[in-house]
Amino acid sequence: MLDYKDLTIAQALKKAAEEWGDREALASINQRLSWKQLFDTACRLAKGLQGIGIQKGDAVATIFGTVPEWIYTKYALHILGAKVVPVNISFRAAEIKYLLKQADVKALILTDKLPQGDYLDILKEIDPAIVSGGGKEIQSQELPLLKRLVCFSPQGQKYPYCADFNEVMKAGAGYKPEEIEALLSQGRPDDICNILFTSGSTAFPKGAMHNHRSLMGIGAHLIGQTFALEPSHRLLCYFPFYHIAGCVYFTLGALTTGCFLYVHPFVPDEVLKIIQDEKINFYCGFDAHFNAVETHPRFREFDVSSIDRILLATGPTWYDKCREIFPQAKIIAHHYGFTEGTGVSCMPDVTDYEKRKFTNGKPWPGIEVKVVDPNTKAELPPNEPGELCLRGWSRFQGYYKNEEETKKAIDRDGYFHSGDYGWKDEDGFVVYRGRFKMMIKTGGENVSEREVEIFLEGIPGVKSVQVLGVPDEKWGEAVTAVIEPEAGADLTKEKVLEHCQGKLAKFKIPKHVLFIKGSEWPLLGAGKVDKRTLKNWAVEKV
């Protein structure tokens, strides 16, 4: 593994190019690069971006699909010492405007069109002045700090008001090694390098500031150490690059371990073919990612025997179920993390089946987790549920331009108060069971949605389940289960409720049981179920 602790991400990339040189580093459907070529590509793009005015300390936003060009852009910006601000590709005009303004974005490097939107049209909606210049500095009253657009067009379209991505890279082809070395020498591991925006479950999204050391450490521990990876292992990333899994876990996990990384959007049959052809070793995902491949009609046509490591972002039920899809799996692990700082996983030396299946693992060295009463903030003893709090080197440095929210989130002792519901057992293993915001208030009792979901997942014939509260005159909120049955399963509301009797407290037993087809789940871009949309669906059904 790369010795990254005293390096910036860009310095680590240079070291990776020196150490692993001609080994394959990155590939997609039409590109393959060695570590040496990846560093050279990043240097060319960095020099080109410097030529249009991007420099150390600038905040630069990115809008990309799951393509290698985003990784080139990330590394190029780190070489320059700029701050990378990934934008959710599902955002619309008001959300993009807020993010660009809140993060003081000076330049935007974007794809012109993706299935999720036409981003140049969205910019025009924000302010026509953004897309009306002739390639000169932008003069926008709505976004006065935004000065440059760089456009990546997969179809080769060019726009007079944007610098062309490929032409910017060509312009940097004549870089000199000493110029790159001068840029690299300006960076420090504790420099802020990313502003990662939260999902916005509370009002507007907040920009979590991270430095090089925290992000590389997260990649190294979660991907490298949790799964005992070597440079010979092969990874596949289908997560979007605005999500921490794409922009940190996979990208920097590959960098710190020297692993090969293939990037491609999540299309089940294409992912299965890539696993087969590229001999991918690692699979990761939410329930939707496992369900999508398992239920694909051509699943049995593909050889997925190379998958021997699995990272779960699911409940305990999938710990055993995933072996039915990938029977060669040797290491299966849960983890616990968030945009503000991942820091818990189940390391390979944990051999206890119950711990590996039912907990999220232990905090990494240098990371501490405590559980507090959400009201009094008093620390709670083992096995008593409360709010999970984390401190240590992986924790974010605060919310950009939001001191009030930072003070609310980080206490005097440096602990980040996550708003997550869970506990630690007597051996220090962390158990995450959902957000406090995902608590149903029913008849004066608090019910954890995730706790009920995990119970219902164990009912024979249940393929996937989501639990939520719907408004109810008698109960305030009624516990409601939305279930996707296994193919051929004879599930009824009565059978589900019968399974709950005597095993769940009465107030936790669903008042409503609804059934849904796999194709009907509303999903967010990263593959999570969109509970807001699902709740609206459920309200109409009950």
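For the structure, check the block above.
Every chain is numbered on its own, with residues counted from 1 as its sequence reads. Whole-chain, interface and lining totals are the exception, using all residues; otherwise, since this is a predicted model, local features are given only for residues with pLDDT of at least 70 and side-chain atom pairs are given and counted only at 80 or more. Excluding hydrogens and water, the side-chain values take into account all heavy atoms of the structure.

K.L.:
Can you explain helix 5 (residues 119-126)? Please cite residues and give values.
P.N.:
Where helix 5 is concerned, the buried positions are Y119, L120, I122, L123 and I126. All buried residues of helix 5 project into a common sector of 155° when viewed along the axis, lining one side. Definition of a polar contact: a pair of N or O atoms within 3.5 Å, with one able to donate and the other able to accept a hydrogen when the atoms are protein atoms, and with sequence-neighbouring residues admitted only if both atoms are side-chain atoms. Segments assigned H or I by DSSP are reported as helices when at least four residues long, segments assigned E as strands when at least two residues long, and all are numbered from the N terminus. In this structure D118 caps helix 5, since a side-chain oxygen of it lies 3.3 Å from the backbone nitrogen of L120. Per-residue accessibility, obtained with a 1.4 Å probe over protein chains only, is compared with the maximum for each type, and a residue is labelled buried under 20%, exposed over 50%, and partly exposed between these values. The directions from the helix axis to the C-beta atoms are what the arc is built from.

K.L.:
Provide a residue-level description of the packing of aromatic side chains, including the pertinent values.
P.N.:
Any two of the Phe, Tyr and Trp rings considered here, Trp counted by its six-membered ring, make a pair once their centres fall within 6.5 Å; the pair's planes then place it as stacked at under 30 degrees, edge-to-face at over 60, or tilted in between. Applying the stated criterion across every chain yields a total of 25 aromatic pairs. Look at W20 and W35: their rings are 5.7 Å apart centre to centre, the planes differ by 45°, and that puts the pair in the tilted class. Here W20 is found in helix 1 (residues 9-20), whereas its partner W35 is found in helix 2 (residues 35-51), with 15 residues between them in sequence. Residue class for W20 comes out buried when judged on its relative accessible area of 9%. By relative accessible area, W35 is classed as buried at 1%. Through a chain of ring-to-ring contacts, the aromatic side chains of F227, Y238, F239, F250, F266, F282, Y283, F286, F290, W318 and F326 assemble into a single cluster. Over the aromatic face of F260 sits the side chain of R234, whose NZ or CZ is 3.9 Å from the ring centroid. Two limits define a charge over a ring: the Lys NZ or Arg CZ must be within 6 Å of the ring centre, and within 35 degrees of the ring normal.

K.L.:
Summarise the sheet that holds strand 15 (residues 309-312); cite the residues concerned and give the values.
P.N.:
Strands pair, by our definition, only if DSSP identifies at least two bridges between them. Pairing is mixed across the open sheet formed by five strands, whose spatial order is 14-15-16-17-18. Only two strands of the sheet have a single partner each, and these edge strands are strand 14 (282-285) and strand 18 (362-363). Note that strand 17 (residues 344-345) and strand 18 share two bridges and pair antiparallel. Residue pairing across strands places S345 opposite K362, the latter belonging to strand 18.

K.L.:
Could you give me a rundown of the pairing of strand 22 (residues 430-435), with the residues and numbers involved?
P.N.:
Where strand 21 (residues 416-424) lies against strand 22, four bridges are found, and the strand directions are antiparallel. Across the sheet, K424 pairs through a bridge with V430, a residue of strand 22. If you look at the hairpin formed by strand 21 and strand 22, you'll find five residues sitting between the two strands, and G428 has a positive phi there, around 90°.

K.L.:
An account of the pattern of salt bridges is needed here, citing residue identities and associated values.
P.N.:
The term salt bridge refers to a pairing of a side-chain nitrogen on Lys or Arg with a carboxyl oxygen on Asp or Glu at a separation within 4 Å. Within this structure, the stated rule accounts for 37 salt bridges. A salt bridge links R391 to E368; the shortest N-O distance between them is 2.8 Å. With R391 in strand 20 (residues 386-392) and E368 in strand 19 (residues 367-372), the pair connects residues that are 23 residues apart, well separated along the chain. On the basis of relative accessibility, which here comes to 38%, the residue E368 falls in the partly exposed class. Notably, a salt bridge pairs R450 with E453, separated by 2.8 Å at the nearest N-O pair. Within this pair, R450 and its partner E453 are both found in helix 15 (residues 449-457), separated by three residues, close to a single helical turn. The burial state of R450 is the same as that of E453; both residues are buried. Where salt bridges share partners, they join E449, R450, E453, E457 and K531 into one cluster.

K.L.:
Which residues make up the packing of helix 4 (residues 93-102) against helix 5, and what values do they have?
P.N.:
Axis definition: a line fitted to C-alpha atoms, limited for helices to the stretch in contact. Angles are taken between N-to-C directions and run from 0 to 180 degrees. Closest axis-to-axis distance for the helix 4/helix 5 pair is 9 Å, and the angle between their directions is 75°. One way to sum up the angle between helix 4 and helix 5 is to call them roughly perpendicular. For the pair formed by helix 4 and helix 5, the contact residues are A93, I96, K97 and L100 on the first element and Y119, I122, L123, E125 and I126 on the second. Among the residues making up the contact of helix 4 with helix 5, the classes are represented as seven nonpolar, no polar and two charged. Throughout, the term roughly parallel applies to angles under 35 degrees, roughly antiparallel to angles over 145, roughly perpendicular to angles from 65 to 115, and oblique to all others. Only heavy atoms matter for contacts: two residues are in contact if any of them lie within 4.5 Å across the pair. Nonpolar residues are Ala, Val, Leu, Ile, Met, Phe, Trp, Tyr, Cys and Pro. Charged residues are Asp, Glu, Lys and Arg, and all others, Gly as well, are polar.

K.L.:
So what about the side chain of S28? Which residues, and what values?
P.N.:
Relative to the helices and strands, S28 resides in strand 1 (residues 24-28). Its relative accessible area of 7% is what places S28 among the buried residues. Residue contacts for S28: discarding those within four places in its chain leaves P68, Y262 and V263.

K.L.:
Describe the side chain of N194, with residues and values.
P.N.:
Within the secondary structure, N194 is located in strand 10 (residues 192-197). With relative accessibility at 0%, the residue N194 sits in the buried group. Apart from residues lying up to four places away in sequence, N194 is in contact with K74, H78, V84, P86, A208, M209, H210 and L215.

K.L.:
Break down the nonpolar core for me, with residues and values.
P.N.:
Soluble globular proteins tend to pack their nonpolar side chains together in the buried interior. Within the largest apolar cluster, 125 residues are counted, with the highest numbers of intra-cluster contacts made by L38, L49, I79, L255, Y283 and I310. For I79, the contacting residues outside a window of four places in its chain are A10, F39, A42, C43, A46, I180, L183 and L184. The definition of a nonpolar core used throughout is a set of buried Ala, Val, Leu, Ile, Met, Phe, Trp, Tyr and Cys residues joined through side-chain atoms within 4.5 Å. V85, L114, L149 and F197 belong to the second largest nonpolar core, which has 36 residues in total.

K.L.:
How would you explain the environment of E230 if you had to name every residue and give the values?
P.N.:
With respect to the helices and strands, the residue E230 is situated in the loop between helix 8 (212-225) and strand 12 (234-237). Along the sequence, E230 and A254 sit 24 residues apart, while their C-alpha atoms lie 9.7 Å from each other. When residues no more than four places from it in sequence are discounted, the contact partners of E230 are T257 and C259.

K.L.:
Before we move on, can you summarise the packing of helix 8 against helix 9 (residues 244-257) with the specific residues and values?
P.N.:
One way to put it is that helix 8 packs onto helix 9 with a least axis distance of 7 Å and a crossing angle of 85°. Classified by the interaxial angle, the pair formed by helix 8 and helix 9 is roughly perpendicular. Facing L215, M216, I218, G219, A220, L222, I223 and G224 of helix 8, the residues of helix 9 in contact are V248, Y249, L252, G253, L255, T256 and T257. Looking at the contact of helix 8 with helix 9, its residues break down into ten nonpolar, five polar and no charged.

K.L.:
So what about the sheet that holds strand 19? Which residues, and what values?
P.N.:
The strand order across the open sheet built from four strands is 19-20-21-22, with neighbouring strands paired in antiparallel fashion. Only two strands of the sheet have a single partner each, and these edge strands are strand 19 and strand 22. Averaged over all adjacent pairs, the angle separating strand axes in this sheet is 50°, with direction ignored.

K.L.:
Can you lay out the pairing of strand 15 for me, pointing to particular residues and giving the numbers?
P.N.:
Where burial is concerned, the two faces of strand 15 agree: the one with R309 and L311 and the one with I310 and L312 are both buried. One ladder, built from four bridges, connects strand 14 with strand 15; its direction is parallel. Its bridge partner lying in strand 15, C284 is registered against L311. A crossover connection joins strand 14 to the parallel strand 15 through helix 11 (residues 287-294); in handedness this β-α-β unit is right-handed. Bridging between strand 15 and strand 16 (residues 331-336) involves four bridges; their strand directions are parallel. By the bridge assignment, I310 is partnered in strand 16 with I332. The path from the first strand over the helix to the second decides the hand: if it runs clockwise while the strands point away from the viewer, the crossover is right-handed. What joins strand 15 to strand 16 is helix 12 (residues 317-325), and the crossover it makes is right-handed.

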